[in-house]
Amino acid sequence: MRKAFIIKSIFFLLPFLGVAQPTIRFNKQYNFGFTNGGYLTSNVFQKGNDYLLCGTGLNSTQNQNYCLGIICTDSIGTQKWQMYRNAPGNFRFSNNSGISSFQKIKDNNILFSGEIDYANGYSKSCLVKLNHLNGDTVWVKQYNQVGDTSNLFCTSQLADSGFISIGYKYWYDGINTEYNRPFILRTDKNGNYKWHKYLSNLTASIAFWYKKLINLNDKDFIVIGNNSNRRGFLLKFDTLGNIAFNKNYAVNSYSLNFFSDIITLNNGDYLVSGDVMTFHTFNFSQILKRPSLVKIDKTTGNLIVGKMYGKEIEVNTFSCLWQSTITSEIYASGEELFPPTTFKATFYKFNNNLDSVYTRYYNNPGGGEYFSENVLQTNDGGFAFPMMSYPFNGQQQFCLMKTDSMGCDSVNGCVFVDVGLSAYGNNNGFKVYPNPLIDYLIIESEFLYHHKNYSIEITDLLGRILIKTELTEYSKNKTILNVKDLNQGIYLLKILEASDKLIGIRKIIKE
C-alpha cells in the first residue's frame, strides 16, 4: 500500500494582489440607417465606457452608394447614436483592408483610410477624420498627386501627429495588362499632402492588398498583405522608400498563405495571423483552409515558426490578433464553416509557444454567417468583437459582442475546455469542488501522480496570481486550499508543471 499518498495537504491563502471583478457581457444587433445589405463593422474602439462600432455600409437612399458609418453604444451595448456620411458629390467610399481601415488616433477621433470611387476603374485615395463624440466629419482629403486611379489601405500616425499611409497606383496599358505600383503617402496632422514616394521599383501585374501598417520608430515601417498569387508577405521599408526586406512565407511547406493581422510581441518579434490554403480538385477550383500563426524575426524577417490549427475546410481562418500586456497570452478571432452552411465566429487562446489552450465558438442568434475582423481588449479585462451577421433570411445585421476575459458571451454561454489531461489517462480531467466556493476548495486527480513537480495557481481574470502553491512528488492526489478570504468574483484555477507549462485549468466562482 502507498499510505503516503492518502494524506491531505492543506495550503493557506497567500497575500493577494487585487480583487477579481466580473466583466460585462452582451451580444447585441443593430439596424444601421437605411442599410439593407453591404458591409459594416470592421473595427471597434472604446471611448470611456462607450463603444464605437465603425465601418462602411450601404446607404439605399443614395443610389446604393457606400458611406462611412459609426454606431455608438453604452457599456452594456445599448445604442446611443449612429451616423453615416456620404462621400463628396454622393460618390462612394470604399475600404480595402477591413482589419485597419479605421483607427483611433491621438486626439481620440477616428481616421478612415480608403478611396472614393467615381466610376468603374476610377478612384482617388482619401483620408477622412471623424469626430468620436458625434460622428461628424472633421475633414475629407483626396490625393490627386499619386495618380488618377489610386487607393489607400492602411495608415500609421507619427510622433508629430501626421500620418504615413500605404497604397497603390493603378493603370492599364491599353492592351491586356493591368499594373499597380505601391507608394507611401506623407500628410500632416490635418491630412494635407506633403509628399509621396514609390516603394523601389515594385511594379507588376500582380495585385497587392495591404492589411496592416506598423510604425516602428517614425523612420521604419512594417506592413503585411497578400498578392493575387495567394502569397502572404511582410514588407519592411523606410520613409525614403528603401526596402529592408520583402518576403513571402511558407507554413509547414505550404506556400499558399493569406495574412490578416500582425502584432508586435512583447519581445519585439512579429506575429501574423491568417490561414493556409490547399487545392483539392483537378482544376484547382476548390480551396480548403486551416487557420495559422506565423512568428517572424524582427531583425531579418526570417520565419521563426509557423503553426496551423483546427480542421481543413472551405472557410477556417484567423482574422485578428491580440496579446495581453499583463499575462503575455495571445488571442485570435476568426471564422469557421460547419458544413454545409453554418458559419461560426471563433476565439482562440494561445500560450507563448503558440500552443492552443482553448477555443470558443459563437453562434449567430439569427442564423447564417457570423464573423469578426477585429478584437479589442476592454477596460474591464474582457473582449469586444465587432460582428458582421449575414442571416439566411432578412436584413443584414451589425453586431457588437462583449465577452469576459475567457471569451464567454451572454448568448452562447461558456463551456470551459480542459487542456492536456487526456495524455495522462484521465479523460475526466480533475475534480474541483465545491464550485461555487465556500471556505475551502478541494482538488482531486489521479494524473497528479505522474508529475514530480507542479504548482497550483488561482488568478483573477486579469491574470494576477492570488494564490500559488508549489507541490512536490510527495504531494497527494487530494489538495485542500483555504479560500475563505477570497472576495466574491470569478477566478481561474491553474495546474502547471515545474516549467510553468499549463496542464489543466478551471473557472471557479466565489459567491
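Just so you know, these numbers come straight off a predicted model, no measurement behind them.

So, on to the nonpolar core. Formed by 17 residues in total, the largest nonpolar core has its most connected members in Phe93, Phe102 and Leu130. Of all the elements in the fold, those that place two or more residues in this core are β4 (50-59), β5 (65-73), β6 (79-85), β9 (110-119) and β10 (122-130). With residues up to four places along the chain from it excluded, the contact list for phenylalanine 93 reads Tyr66, Cys67, Leu68, Arg85, Asn86, Ala87, Pro88, Phe112, Glu115, Ile116, Cys126 and Val128.

Take the state of the cysteines next. Taken as a whole and assessed by the stated rule, the structure comprises zero disulfides. In this structure cysteine 54 is not part of a disulfide, and its nearest cysteine sulfur, from cysteine 72, lies 9.6 Å away.

Of note, glutamate 329 is situated in the loop between β24 (316-323) and β25 (330-338). At 3.4 Å, the side chain of glutamate 329 and the side chain of tyrosine 331 are in polar contact. Engagement of the side chain of glutamate 329 in a polar contact is seen with the side chain of lysine 349, the distance being 3.2 Å. Setting aside its immediate chain neighbours within four residues, glutamate 329 contacts Trp322, Gln323, Ser324, Lys349, Phe350 and Lys494.

Moving on, we get to the environment of threonine 23. Residue placement: threonine 23 occurs in the loop between β1 (9-11) and β2 (26-30). Looking at threonine 23, the relative accessible area reads 12%, which means it is buried. If we ignore the near neighbours within four places in the chain, the residues touching threonine 23 are Asp380, Gly381, Gly382, Lys402, Thr403, Asp404 and Ser405.

With that settled, the discussion passes to unusual backbone geometry. The backbone phi angle of asparagine 108 is positive, close to 75°, even though this residue is not glycine. The topology assignment puts asparagine 108 in the loop between β8 (102-104) and β9. Taking relative accessible area as the criterion, asparagine 108 reaches 36% and is therefore assigned partly exposed. The backbone of serine 161 sits at a positive phi, close to 75°, despite the residue not being glycine. Along the chain, the position of serine 161 falls in the loop between β12 (150-157) and β13 (163-172).

With that settled, the discussion passes to the confidence of the model for the protein chain. Averaged over all residues, the pLDDT of the protein chain is 78; the fraction at 70 or higher stands at 76%. Strand β11 (residues 137-143) holds the highest mean pLDDT among the elements of the protein chain, 95, whereas β1 holds the lowest, 34. Counted against residues more than four places away or in other chains, residues 1-21, with its pLDDT under 50, gives 45 contacts. Across residues 415-429, confidence stays below pLDDT 50; counting only partners more than four residues off in sequence or on other chains, it has 33 contacts.

Relative to the helices and strands, serine 260 resides in strand β20 (residues 257-264). Linking serine 260 and threonine 317, residues 57 residues apart in sequence, is a C-alpha distance of 8.9 Å. The residues touching serine 260, leaving out its near neighbours within four places in the chain, are Ile99, Lys211, Ile224, Ser273, Gly274, Phe318 and Ser319. Among the polar contacts made by the side chain of serine 260, one reaches the main-chain carbonyl oxygen of phenylalanine 318 at a distance of 3.3 Å.

Moving on: the pattern of salt bridges. As enumerated under the stated definition, the model contains 13 salt bridges in all. In this structure, lysine 80 engages aspartate 50 in a salt bridge whose closest nitrogen and oxygen atoms are separated by 2.8 Å. Taken together, the positions of lysine 80 in strand β6 and aspartate 50 in strand β4 put the pair 30 residues apart, joining distant regions of the chain. In this structure lysine 80 comes out as partly exposed when scored by relative accessible area, which is 49%. Where aspartate 136 meets arginine 85, a salt bridge forms, and the shortest distance between an N and an O atom there is 2.8 Å. With aspartate 136 in the loop between β10 and β11 and arginine 85 in strand β6, this pair connects stretches of sequence that are 51 residues apart. Exposure remark for aspartate 136: the relative accessible area of 34% places this residue in the partly exposed category. Overall, arginine 85 belongs to the partly exposed group, its relative accessible area being 24%.

What follows covers the pairing of strand β19 (residues 243-248). Bridging between strand β18 (residues 232-238) and β19 involves five bridges; their strand directions are antiparallel. Bridged to leucine 235 within β19 is asparagine 246. The antiparallel pairing of β18 with β19 creates a hairpin that spans four residues between the two strands, and glycine 241 there sits at a positive phi of about 85°.

This part is about the sheet that holds β18. The strand order β16-β17-β18-β19 describes an open sheet built from four strands, whose pairing is antiparallel. In the strand order of this sheet, the two ends are held by β16 (208-215) and β19, each with one partner. Across the sheet, the axes of successive neighbouring strands diverge by a mean angle of 15°, strand direction being ignored.

Tallying each qualifying case throughout the model produces 23 aromatic pairs. Members of the aromatic cluster, joined through ring pairs, are Tyr331, Phe347, Tyr362, Phe383 and Phe385. One residue, lysine 28, lies across the ring of phenylalanine 26, its end atom 5.7 Å from the ring centre. Here the guanidinium or amino end of arginine 181 rests over the ring plane of tyrosine 198, the centre of that ring lying 4.3 Å away.

Here we come to the side chain of asparagine 257. Inspection of the secondary structure assignment puts asparagine 257 in strand β20. Judged by its relative accessible area of 0%, asparagine 257 is buried. Of the polar contacts made by the side chain of asparagine 257, one reaches the backbone oxygen of tyrosine 249; its length is 2.3 Å. Leave out the neighbours within four places in its chain, and asparagine 257 touches Asn226, Arg230, Arg231, Gly232, Tyr249, Ala250, Val251, Asp275, Val276 and Met277.

Moving on, we come to the sheet that holds strand β27 (residues 356-362). Sheet architecture is open: four strands sit in the order β24-β25-β26-β27, paired in antiparallel fashion. Here the strands that pair on one side only, and so sit at the sheet edges, are β24 and β27. In this sheet, neighbouring strand axes are inclined to one another by 20° on average, regardless of whether the strands run parallel or antiparallel. Of the strand pairs in this sheet, strand β26 (residues 342-350) and β27 are connected by six bridges, and their pairing is antiparallel. Across the sheet, the residue bridging to threonine 346 is tyrosine 361, located in β27.

So, on to the environment of glycine 382. Structurally, glycine 382 is set in the loop between β29 (376-377) and β30 (383-390). The sequence separation of glycine 382 and arginine 25 amounts to 357 residues, and the corresponding C-alpha distance is 8.4 Å. With residues up to four places along the chain from it excluded, the contact list for glycine 382 reads Thr23, Leu376, Gln377, Lys402, Thr403, Asp404 and Ser405.

Calculation notes
Residues numbered from 1 in each chain as written. Predicted model: local features only at pLDDT ≥ 70, side-chain atom pairs only at ≥ 80, totals over all residues. Heavy atoms only, no water. Core = buried A, V, L, I, M, F, W, Y, C linked by side-chain atoms within 4.5 Å. Buried < 20%, exposed > 50% of the residue type's maximum accessible area, 1.4 Å probe, protein only. Helix = DSSP H or I, 4+ residues; strand = E, 2+ residues; numbered from the N terminus. Contact = heavy atoms within 4.5 Å. Disulfide = S-S within 2.5 Å. Polar contact = N/O pair within 3.5 Å; in protein donor to acceptor, adjacent residues only side chain to side chain. pLDDT = per-residue confidence, 0-100. Salt bridge = Lys/Arg side-chain N within 4 Å of Asp/Glu carboxyl O. Pairing = 2+ DSSP bridges. Axes fitted to C-alpha atoms, helices over the stretch in contact; angles between N-to-C directions. Phe/Tyr/Trp six-rings, centres within 6.5 Å; stacked < 30°, edge-to-face > 60°. Lys NZ or Arg CZ within 6 Å of the ring centre and 35° of its normal.

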